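One letter stands for each residue in the lines below.
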Protein chains: 2
Amino acid sequence: MESTVTNAEKYFGHFCSLLAAYTRKTARLRDKADQLVKQLVDFANTENPEMRATLRNFAEELARVQDYRQAQVERLETKVVTPLKFYGPQIKQTRAEIKKCKHIRSNEIKQLEKLDKLRQKSPSDRQMISQAETGVQKASADASRTTHQLEETVDAFQTQKLKDLQKIFLDFVTIEMVFHAKAVEVYSSAFQTLENYDLEGDLQDFRAKMRGVYGQKDARPRRDTAPSAAVPWSRPSQSAQSTTRSQRKEEEASEDDFPEEELEEEDLGGWDRDSINGMRTSKSRK
Amino acid sequence: MESTVTNAEKYFGHFCSLLAAYTRKTARLRDKADQLVKQLVDFANTENPEMRATLRNFAEELARVQDYRQAQVERLETKVVTPLKFYGPQIKQTRAEIKKCKHIRSNEIKQLEKLDKLRQKSPSDRQMISQAETGVQKASADASRTTHQLEETVDAFQTQKLKDLQKIFLDFVTIEMVFHAKAVEVYSSAFQTLENYDLEGDLQDFRAKMRGVYGQKDARPRRDTAPSAAVPWSRPSQSAQSTTRSQRKEEEASEDDFPEEELEEEDLGGWDRDSINGMRTSKSRK
């Protein structure tokens, strides 16, 4: 019976700390996914409309899974870790009752020993033996009553323990099951989002955008070229544009495979690092 | 165009490290659950047959979820993290081509500047101007060819990038979806396992076991009491038994609520710490 309590103390302690750790690790997984959501949204803002929409929707769905994970974490805390924590004080109380019972029982044994000694040493001393017999009877009655109380306590403890074990792990399983089912649902939708992404449309957009911008420009004014800002890959500037356009002219004549794609820097203005940082809007849950 | 590469470098780097971290955290979650499985099996061995079977089955199901999680971790490594890692070298190569193109373009600008200066300073020096014009034409042709090559490279990069983005996140979603679907399946079965646990049967077993052991014993031989090992809650000994039995007698007469439950220590021998430790068999996956 004592081992029932001892084992409960030992293993419920293990369960509690392991499930608390499990919950913490789940929370860290959520944090990482939240960071991923944020980066996806930031990156989406640097992409063309087709991929931007796809990534934003995907990020939203990934964020939704994290919302469910957050609910999972909270439920695990409330319905699994906390009830297991309560076993600490409960076990202490049961242990205290066991200790009390031990003490009362050892008194009974002392009384029995006293009686045995008397019977051996002074078998004729009726009065002493009678006194000792009364002592034994009283101690036995005490021990019996205490033992009975302890049995009730341990039985109640065992009943509660078995019930709680079932309840706590059923709750654990239910919480997990709900989360996983929701995750399947949301990921199915995320799958469709990604599957429906129109790569060809996006590429056509990417190519047409540059051609479109070029189409609105006149032929290059070569004289505008200024050495200080003339590096074509630098941030857009009038001088860089003119150089780019000058190159463009010759490209038009060439038989390249991608006639529509041009190096129009100003059109990519929104894509450069500074602009992207400025555009950042956190759609992340946190 | 350069920002396309710059953004890819930045965000694919983020995606890679975040998804690697996500995978690691998933692996840690698996480790915690594996430890829980081990403790469940150890604890099951200290329980009566009903709870023992329930906990063992539940532990097996929990271990099965971890097997799926292990597959998830491996797939995330192979199909998500590794492809993202490949972007490092790929981006470096594209960057090198951009650098080369920049260099050739700046040469074109230098030639243009040279020609402009000549025209201003020595407008009559036809030979020099003609030479400079040839230089500009050559540099322009070089720049055009390189620009065209670069366009092809960046277009190919963009195409591959968009395709890979879709593929990698579709793989991510698929891997997650498969795992969550399997988890729902196994947890549903685990729910049944726990739901089917027969608490009443287990308690009857717990009570009957003690009564059964008591029923086989004769009335206590009081004289056997030996002080050295007489503490009832210590490990089983003949003397302790006799004391216990002596108490039992009086309990039989009392009108307690749990007449069948007795403190028969020897019956609980298998439950004490030493025996439990000896019984430990790890059923855990690791």
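Relevant structure appears above.
K.L.:
Explain the overall build of chain A to me, using residue names and the numbers behind them.
P.N.:
A count of helices and strands for chain A gives seven helices and zero strands. Look at the contacts in chain A between residues 6 or more apart in sequence, and 80% of them connect residues 24 or more apart. Working note: accessible area of chain A is about 12900 Å², and carbon and sulfur atoms make up 49% of it.

K.L.:
So what about the pattern of salt bridges? Which residues, and what values?
P.N.:
Oppositely charged side chains are able to pair whenever their charged atoms sit close together. Across all of its chains, the model carries 18 salt bridges over all chains by this definition. As a salt-bridge pair, K167 of chain A and D171 of chain A come within 2.6 Å of each other at their nearest N and O atoms. Of the two residues, K167 of chain A and D171 of chain A both sit in helix α4 (residues 126-195), four residues apart, roughly one turn of that helix. Look at K167 of chain A and you get partly exposed, because its relative accessible area is 46%. Its relative accessible area of 12% is what places D171 of chain A among the buried residues. Between E133 of chain B and R119 of chain B there is a salt bridge, with the nearest N and O atoms lying 2.7 Å from each other. Of the two residues, E133 of chain B sits in helix α4 (residues 126-195) while R119 of chain B sits in helix α3 (residues 87-121), which places them 14 residues apart along the sequence. The class for E133 of chain B is partly exposed, based on a relative accessible area of 31%. Note on R119 of chain B: relative accessible area 33%, which makes it partly exposed. Each of the salt bridges in this network shares a partner with another, and the network as a whole consists of K138, D142 and R145 of chain A.

K.L.:
With reference to specific residues and values, describe the environment of R64 of chain A.
P.N.:
Residue and element names in this part refer to chain A. Along the chain, R64 turns up in helix α2 (residues 49-85). What makes R64 partly exposed here is its relative accessible area of 37%. As for R64 and K182, which are separated by 118 residues in sequence, their C-alpha atoms are 9.3 Å apart.

K.L.:
Account for the environment of L19 of chain A, with residues named and values stated.
P.N.:
Looking at where L19 of chain A falls in the secondary structure, it is placed in helix α1 (residues 2-44). Here L19 of chain A falls in the buried class, since its relative accessible area comes to 0%. Each C-alpha atom, one on L19 of chain A and one on V81 of chain A, is 6.3 Å from the other, the two residues being 62 residues apart in sequence. Sequence-distant contacts of L19 of chain A, defined by excluding residues within four places in its chain, comprise V80, V81, L84, F169 and F172 of chain A together with L36 of chain B.

K.L.:
Could you give an account of the side chain of T193 of chain B, with specific residues and numbers?
P.N.:
Residue and element names in this part refer to chain B. Along the chain, the position of T193 falls in helix α4. At 3.1 Å, the side chain of T193 and the side chain of E61 are in polar contact. Non-local contacts of T193, meaning those with residues more than four positions away in its chain, are made with T54, N57, F58 and E61.

Calculation notes
- Residues numbered from 1 in each chain as written.
- Chains lettered and ligands numbered in written order.
- Predicted model: local features only at pLDDT ≥ 70, side-chain atom pairs only at ≥ 80, totals over all residues.
- Heavy atoms only, no water.
- Helix = DSSP H or I, 4+ residues; strand = E, 2+ residues; numbered from the N terminus.
- Contact = heavy atoms within 4.5 Å.
- Areas by Shrake-Rupley, 256 points an atom, 1.4 Å probe, with all protein chains shown as cover.
- Salt bridge = Lys/Arg side-chain N within 4 Å of Asp/Glu carboxyl O.
- Buried < 20%, exposed > 50% of the residue type's maximum accessible area, 1.4 Å probe, protein only.
- Polar contact = N/O pair within 3.5 Å; in protein donor to acceptor, adjacent residues only side chain to side chain.

All quantities given are derived from atomic positions and should not be read as evidence of function.
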